[in-house]
Amino acid sequence: MPAAARPQISVRSVGDDKADGVGAQIALPRVLVSAIRSDIVHFVHSNMAKNSRQAYAVNEMAGMQHSAHSWGTGRAVSRIPRISGSGTGRAAQGAFGNMCRQGRMFGPTKTFRKWHRKINQNQRRYAVASALAATALPALVQARGHKIDEVPEVPLVVPSSVESISTTKAAIGVLQAVGAYQDVEKAASSKKLRAGKGKMRNRRYTQRRGPLVVYNEDNGVVGAFRNLPGVELCQVDRLNLLQLAPGGHLGRFVVWTKAAFDRLDEIWGTGRGVSKTKKNYKLPAPMMSNSDITRIINSDEVQSKLRAPVKSHFRARRKKNPLRNLGAMVRLNPYALSMRRAALLAADRRSKNKESKIEAARKARTAALKKKHAGQKKKNYARISRD
Amino acid sequence: MSVSPDLLWPIVRDTSCFLQKRKQSGRSQMGKAGARMTTEPNNLTGINSFKYSGLANAKTVDLIPAEGGVTLVTKSRKSDRVSKPKKMMNKVTLSKDFRRVAKIIVKETTENFYRADLNKAALAKWSLIYKSQKRAKKDE
């Protein structure tokens, strides 16, 4: 990425507008444009964090300073070694086992545990480069929790004269002038008693981290800034991943002095050029030079090669039973319509036939009955009227 | 320094001080995942998703309740403002009546070709803010 294409960062005034370098434009150093690899940072950080550990272990003789022996079988007791001797409650009690009271623990912790981790140099440098790049992105710094709403620019560069201030009062003035004091205040107000046993183990309080001040030459900076809550200091040559990505999380808020910022290209190289201080080191090449996938997709080059999207308007039809639904039946068998018609007509004919037959039969029956009982009517009348 | 939203989003989506994760509750149709919300500024709905992300996106819309109205906050489109947190946001205080503010919201999101996909959510938020302010006034 040619230096000409890189954005310009201006050195911000911290009160004295005529201080050396105020308003100067510096091209963004190549490190701050490295690939952001949170996975590498996480890996390196978690291993680096192990390097300041102190060994702990139980006493190697703990629980074993007895002449206890197992009583063996046949005495109606379990087989763990039992304390020898008599005349005291301790006698015959179980000893040595991890399950025994006063016994040695399972797997006694040893001092020769591997406490520290070696990390490959290139990985370490990759992680620091990534972490530095993340400090240049306001979104990531905000996401990490820093208050940078009042900061005029990220990365924040202040004149090198800051390196010579010696009073904390002046240091506060510098941070306030540059909008970074909000973050310090946040750290100050976040001081709380640690939850858990750590508070009795010399880790009494916890607080948030504030800005990291990176300088080139300590002419008083360290003494001035170190007492401010949350503020940490770091020399450019010795950037520490544990400070750049605390907790393995990218995006520490960094305040650069101009001298330190100018040195970044020299220390890390310019991507094309090899680093001057790290032997044969070249900054890692990102996997994608243009990571804006949305823009790539919407670009003319890509869009012109795409075919039209296939939009299927097919919608599944609800299945209709042809045996119940004439329309569905006709769709399958068009002749069904005429079959149905014929059937209906036949049924109609049949019913009409039946009716006429029934009519005829009824008439015949009535006539027959009438004939059968023809004389009876007169006989009945004669019977009734006979006194 | 501007970096594509596509690069920022995977980093910010699960590592952020604003992220609020909740356990699964009720019959959320999210399987075993609970709600994923954010308290980040510039997020219109507070949902942790790429569309609404206030950190990842270069263009965002947000409505913040203000005295008697609302502040419409949008991210500047100017390329040199991207790395300047103090100057990055455009803030407009709208304290007119409901319809006028709604019109302005539509203008600033859709007709501007700024973030037409946030139009609906912005109008919904304005309705809610307006309703809450009316209620507050009533309680007075």
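Residues numbered from 1 in each chain as written. Chains lettered and ligands numbered in written order. Predicted model: local features only at pLDDT ≥ 70, side-chain atom pairs only at ≥ 80, totals over all residues. Heavy atoms only, no water.

J.: Which residues make up the overall build of chain A, and what values do they have?
T.: Across its full length, chain A carries 13 helices and ten strands. For 387 residues, the compact-globule formula gives about 21 Å, and the C-alpha radius of gyration of chain A, at 48 Å, lies well above that figure. Residues classed as buried in chain A amount to 35% of the 387 residues present. A separation of at least 24 residues holds for 62% of the contacts in chain A among residues at least 6 apart in sequence. Distance from the positive charge centre (73 side chains) to the negative charge centre (25 side chains) of chain A: 25 Å. (Helix = DSSP H or I, 4+ residues; strand = E, 2+ residues; numbered from the N terminus. Rg over C-alpha atoms; globule rule 2.2 N^0.38 Å. Buried < 20%, exposed > 50% of the residue type's maximum accessible area, 1.4 Å probe, protein only. Contact = heavy atoms within 4.5 Å. Lys, Arg positive; Asp, Glu negative; His and termini not counted. Charge placed at Lys NZ, Arg CZ, Asp CG, Glu CD.)

J.: Describe in detail the environment of Ser166(A), supporting the description with residues and values.
T.: Residues and elements named next belong to chain A. Mapping Ser166 onto the fold places it in the loop between strand E5 (156-158) and helix H4 (168-177). Sequence-wise, Ser166 and Ala224 are 58 residues apart; in three dimensions their C-alpha atoms are separated by 4.9 Å. With residues near it in sequence (within four places) discarded, Ser166 still touches Gly220 and Ala224.

J.: Explain the pattern of salt bridges residue by residue, including any values.
T.: Residues and elements named next belong to chain A. Evaluated as defined, the whole model comprises 14 salt bridges over all chains. Asp183 serves as the salt-bridge partner of Lys186, at 3.5 Å between the closest nitrogen and oxygen. Taken together, the residues Lys186 and Asp183, both in helix H5 (residues 181-189) and three residues apart, mark about one turn of the helix. Here Lys258 and Asp262 are joined by a salt bridge, their closest N and O atoms 3.0 Å apart. Residue Lys258 and its partner Asp262 are both found in helix H8 (residues 258-268); the two are separated by four residues, about one turn of the helix. Under the relative-accessibility criterion, Asp262 is labelled partly exposed at 37%. Sharing partners across several salt bridges, the network here consists of Arg209, Glu232 and Arg252. (Salt bridge = Lys/Arg side-chain N within 4 Å of Asp/Glu carboxyl O.)

J.: Lay out the interface of chain A and chain B with the relevant residues and their values.
T.: Taken together, the contact between chain A and chain B spans 28 residues of the former and 20 residues of the latter. Looking at the side of chain A facing chain B, the largest losses of area belong to Leu137(A), Gln142(A) and Ala143(A), adding up to 23% of the total buried there. Summed over the shared surface of chain A and chain B, the number is zero salt bridges. Of all elements in the fold, only helix H3 (138-144) and helix H9 (293-298) of chain A reach the threshold of two or more residues within the side of chain A that touches chain B. The class makeup of the residues in the side of chain A that touches chain B is 17 nonpolar, five polar and six charged. (Buried area = accessible area lost by both parts, 1.4 Å probe. Nonpolar A, V, L, I, M, F, W, Y, C, P; charged D, E, K, R; others polar.)

J.: Describe the nonpolar core, and please don't skip the residues or the numbers.
T.: Leu132(A), Leu239(A), Leu241(A), Trp256(A), Phe261(A), Leu264(A) and Trp268(A) are the most contacted members of the largest nonpolar core, which totals 52 residues. Elements supplying a minimum of two residues to this core: helix H1 (38-48), helix H2 (121-135), H3, strand E8 (212-215), helix H7 (241-244), strand E10 (254-257) and H8 of chain A together with helix H1 (5-12) of chain B. Among the elements that make up this core, the one with the highest residue count is H2(A) (eight residues). Leave out the neighbours within four places in its chain, and Phe261(A) touches Ile9(A), Ile26(A), Leu28(A), Pro29(A), Leu32(A), Pro155(A), Val157(A) and Trp256(A). Formed by 27 residues, the second largest nonpolar core is a distinct cluster that contains Val158(A), Tyr181(A), Tyr215(A) and Phe253(A). (Core = buried A, V, L, I, M, F, W, Y, C linked by side-chain atoms within 4.5 Å.)

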